[in-house]
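Each chain, letter by letter, is given below.
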Amino acid sequence: MQDLGFIIAGYGVILGGVALYAGLLLRRLSAARRASLEIRRDAESATAPPPDREA
Amino acid sequence: MGTRLLGIVALLAVVGASVNALFLVPADVYQGDAQRIMYVHVPSAWLAYLSFGVTALAGIGYLWRRDLRLDAVAVAGAEIGVMFTAFAIWGGMMWGRPVWGVYWQWEDPRLTTTALLLALYLGYLLFRRLTDDPHRRAARAAVVGIVAAVDIPIVHFSVEWWRGLHQGPTIGSPDKVLHPSAPGLFVLALVSMVLAFTLAWAWLMIRRYQLARIEWQIEEHGRLGRLSAARRAARKAAIPPPDGAPEGA
């Protein structure tokens, strides 16, 4: 195959770049989902009625 | 579940189309194997157009409906479009060096307007960081996204409007789709790669949209938290403690 270096560089950067972006996107999404869940839990515990003192 | 399935299908399609483009399709008689770079360069350019087109349309939609979900679509398109524009430029450079003898030429209108497109949407992403107010940010970004989209037809038709190094479209117009100037096997390889890349693009867009929505919710929560803390502080400062009560009680 001629111009192998250019072909490897072309395909490597483009396909590798898309794969890298997809991986980072999934990581960012999972971190954001965790943060969102924590916020929701905090909000629920803040609005929950206080425990019954007589019980 | 549907998005996961789309991701798997897109991955298999990209792998299959890449194997076909790299090992099964014959090399071009004039350009040799370097022509194989076209199979990833052209889909990248197509997805750059598509992404920025979606950003502009979502911007118009936002200005009309004031729905932040459309802003999430716009930012997804811009970020993914920037990535594919950079890849289109990279692929073009890797093809240009063995075929043209140069990586880049500023006098070429296609190359220069594509570089401008990349700069415009990088600017769009930076511009979004200037304000925290989601609606003000969405409205301003929508205007920038729409104005920047004017460059998309300029990039596409630059090879017909002006003379430069870059070749004209192979299948870029309705007439060329019916009568392409490349052999059928080459066109098939290119079309299959375009379809595979478009599937991957759809998956990326969905995931980036989901991320934008969650980020907005987190941001909104932070803003509400700061607001209620400020209100509490203001209330505390306005009402003096009763006589005899210890300070800060």
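Every value quoted in this text rests on a predicted model; they were computed, and no experiment measured them. (Residues numbered from 1 in each chain as written. Chains lettered and ligands numbered in written order. Predicted model: local features only at pLDDT ≥ 70, side-chain atom pairs only at ≥ 80, totals over all residues.)

**Describing the overall build of chain B**
- When helices and strands are tallied, chain B shows eight helices and zero strands.
- Computed over C-alpha atoms, the radius of gyration of chain B comes to 24 Å, more than 25% over the 18 Å expected from 2.2 N^0.38 for 249 residues, which places it beyond the range of a compact globule.
- Its C-alpha atoms put chain B at 95 × 40 × 30 Å along the principal axes.
- Within chain B, the fraction of its 249 residues that count as buried is 35%.
- For chain B, contacts bridging at least 24 residues in sequence account for 76% of all contacts bridging at least 6. (Helix = DSSP H or I, 4+ residues; strand = E, 2+ residues; numbered from the N terminus. Rg over C-alpha atoms; globule rule 2.2 N^0.38 Å. Buried ≥ 20, exposed ≤ 12 C-beta atoms within 10 Å, placed from the backbone. Contact = placed C-beta atoms within 7 Å.)

**Some remarks on the overall build of chain A**
- Helix and strand content of chain A: one helix and zero strands.
- Here chain A has a C-alpha radius of gyration of 24 Å; the compact-globule value for 55 residues is 10 Å, and the former is much larger.
- Along the first, second and third principal axes, the C-alpha atoms of chain A reach 85 × 15 × 5 Å.
- Taking all 55 residues of chain A together, the buried fraction comes to 11%.

**Re the packing of helix α2 (residues 38-65) of chain B against helix α8 (residues 184-238) of chain B**
Residue and element names in this part refer to chain B.
- In contact at an axis separation of 9 Å, α2 and α8 are set at 45° when each is read in the N-to-C sense. In this view, α2 runs oblique relative to α8, as classed from their interaxial angle. Here the hand of the crossing between α2 and α8 comes out right-handed. On α8, the residues that touch M38, Y39, V40, V42, P43, W46, L47 and L50 of α2 are A189, L190, M193, V194, F197, T198 and W201.
- The residue inventory of the contact of α2 with α8, partitioned by class, reads 14 nonpolar, one polar and no charged. (Axes fitted to C-alpha atoms, helices over the stretch in contact; angles between N-to-C directions. Parallel < 35°, antiparallel > 145°, perpendicular 65-115°, else oblique. Left-handed = near helix turned anticlockwise from the far one by under 90°. Nonpolar A, V, L, I, M, F, W, Y, C, P; charged D, E, K, R; others polar.)

**Thoughts on the nonpolar core**
- If you look at the biggest cluster of nonpolar residues, it comprises 66 residues, and the most contacted ones within it are I37(B), A74(B), Y121(B), M193(B) and A200(B).
- Counting residues per element, the ones that place at least two in this core are α1 (4-47) of chain A together with α1 (2-24), α2, α3 (68-100), α4 (109-127), α5 (134-148) and α8 of chain B.
- Top element by residues in this core is α3(B). It accounts for 18 residues.
- Those residues within four positions of I37(B) in sequence are excluded, and the remaining contacts are F6(A), I7(A), G10(A), G91(B), M94(B) and W95(B). (Core = buried A, V, L, I, M, F, W, Y, C linked by C-beta atoms within 7 Å.)

**A few points about the interface of chain B and chain A**
- The interface of chain B with chain A comprises 28 residues on the first partner and 24 residues on the second.
- Within the residue set of the side of chain B that touches chain A, elements represented by two or more residues are α1, α2, α3 and α8 of chain B.
- Examining the composition of the side of chain B that touches chain A, we find that 11 residues originate from one element, α8(B), more than from any other.
- Of the residues that constitute the side of chain B that touches chain A, the class distribution is 15 nonpolar, seven polar and six charged.

**Some details on the environment of Q105(B)**
- Mapped onto the elements of the fold, Q105(B) is located in the loop between α3 and α4.
- Expressed as a C-alpha distance, the spacing of Q105(B) and M93(B), which sit 12 residues apart in the sequence, is 9.7 Å.

**Topic: the confidence of the model for chain B**
- Looking at chain B as a whole, the pLDDT averages 89, with 90% of positions reaching at least 70.
- Across the interface, the model reports ipTM at 0.85; the global pTM reads 0.86. (pLDDT = per-residue confidence, 0-100.)

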